[in-house]
Structures are given as structure tokens and as C-alpha cells.
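Spelled out, the chains give:
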Amino acid sequence: MQQQKKTQAPAVLNRTRSLGKQAQQKPQQQQQQQQIQQQPKQGFTQMPSQKLTSIKTVDPFSDKSKQKTNSFAYVYNAGGIPCRVNHGCNTMKLQWNQGVEIGHLPYDPLMVTCFEGLIEEAHPYCFIATNAIKDMLNEQNAQEKVIPILPKLVWPLRTALSSQNDKVFMSSLEILKLLSNNIGSHLNSHLKNLLVPLSKRMDRKNQKEIIQDVLRQIQENGGPDTLKLIKAAIPTYTNM
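Model, not experiment: these values are computed from the prediction.

Enquirer: Break down the pattern of salt bridges for me, with residues and values.
Expert: Scanning all chains against the criterion turns up six salt bridges. Here arginine 204 and aspartate 166 are joined by a salt bridge, their closest N and O atoms 3.3 Å apart. Of this pair, arginine 204 sits in the loop between helix 8 (191–199) and helix 9 (205–222) while aspartate 166 sits in helix 7 (residues 166–183), placing them 38 residues apart in sequence. For arginine 204, a relative accessible area of 29% gives the class partly exposed. Since its relative accessible area comes to 36%, aspartate 166 is described here as partly exposed. Across the pair arginine 216 and aspartate 213 runs a salt bridge, and its minimum N-O distance is 2.7 Å. With arginine 216 and aspartate 213 both in helix 9 and three residues apart, this pair spans about one turn of that helix. Shared partners join several salt bridges into a network, and the residues in it are Asp166, Arg201 and Arg204.

What follows is the structure, given as C-alpha cells:
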């Protein structure tokens, strides 16, 4: 009996020691696995197609809470503007939804909303607002739809012309010229408000001549009384 106890004692002791070593090794093994996982992976860390997403673009569906409910961006994202941008190989163009006839669209509020969108700086809103207005102004019999809502168009157009963003200003200046071509002398009663932001840009050499060309077109469309209106707001204007 005493010999059996003596032989069992070392066996139990060895087993206890081995269990203790295993218990010590587990934390070490776990620590090593964590270190391996934290090591940077070699080779490709992202798919090649993910490089395309690195270009900064506007996500029209991100953080909608910051979009005002009466803004052009909000209306467009809600489906209120029946068109979209068609990205071609080299150029972009506006594509109206299937079945849409521009001549049958309600210019109020659609055109009014697009004029409010002229102030937008982010793509695609600026592109859509500008080109939708062009299409509607170039539509046959557009004049009879535009004249009644002209007071609603003037103030957002003036706001866009007052923008410090050159791209917004140049797009709005083009719209002003098209609007004058469309309604002629009907624009005269609103010229005072529209010419104020133009006068502030006449000292810019890269824009002065372009502004002069637009003013000459407005004068031609507006008739003999238009020159006095232009000169009153912009004394440096010349029609030569």
C-alpha cells in the first residue's frame, strides 16, 4: 500500500505540473494570435475597383436632414424634376423621363424650382437646373408660359448672379441671355434688379467682355428704352 501511494504521488504531481503549463500557454497563444491579426496584410489591401470610389462626389441621399424641404436638391431627390443626367463617353446631357413632353410640363412650379436651383454648386444639381431651364426656354410657345411667372424667376436669378462662385455666375448669365431672347421687352421692368450684380463684376477682365455681349443682346431684345436702363445701372456700358 505504501509503495502504491509513493508511485501515485509523482504521477499526480506531474499531471498537475502539465496542467499548469497548459494554463500558462493559453494566454500566450491568445496573445500571439492577436498580434498576428493586428499585423498589416501584405499584397492588395483593396479591390482595384475601389479606387474609383475615392473621387469625391455628392451623394444626394446622404444626410437628407440637412437639405431644406424647399431646395432644388430636395425636390430633385424626391422625384419632383422628371429628368436625369445621361453620362456619355465624353459629354453629359440632360435626359427627360420617358413619356415627358416639355411643352406640357407645368412651368409653375417646375421652372421656378429650376431657377432656384441655379444657386446650387454641387453636381448634378447645378447641371440639371441649368439645362432643364434651357430646354424649357427653347420649347415652342414657351413665352406665353414664362411671362406670367416672370416675377417668380427674377429673384432667384438675381441671387444666382450675385454668387461668388464663378461657375454659378456664368451659368446664370447664360440663362439671363436666353430669358431675354425669349421674352424680349417684357424683361425691361425687371432689369434694374438683375443688372446690379452684373455691375459688380464689370471690373473683372476675364468676365467684362462676356457681360458686355449679354447686355448688348438684352438691349437689342428690349428695344430703344433699354439702353437708358442699362446705363443707369452700369455707366461704363457701351453698345459698340
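Let's pick the thread back up.
Enquirer: Now, about the pairing of strand 1 (residues 83–87): what can you tell me, with residues and values included?
Expert: Here strand 1 runs beside strand 2 (residues 92–96); their pairing, made up of five bridges, is antiparallel. In the sheet register, cysteine 83 faces strand 2, and the bridge partner there is tryptophan 96. Connecting strand 1 to the next strand, strand 2, in antiparallel fashion are four residues.

Quick notes on the rules
Residues numbered from 1 in each chain as written. Predicted model: local features only at pLDDT ≥ 70, side-chain atom pairs only at ≥ 80, totals over all residues. Heavy atoms only, no water. Salt bridge = Lys/Arg side-chain N within 4 Å of Asp/Glu carboxyl O. Helix = DSSP H or I, 4+ residues; strand = E, 2+ residues; numbered from the N terminus. Buried < 20%, exposed > 50% of the residue type's maximum accessible area, 1.4 Å probe, protein only. Pairing = 2+ DSSP bridges.

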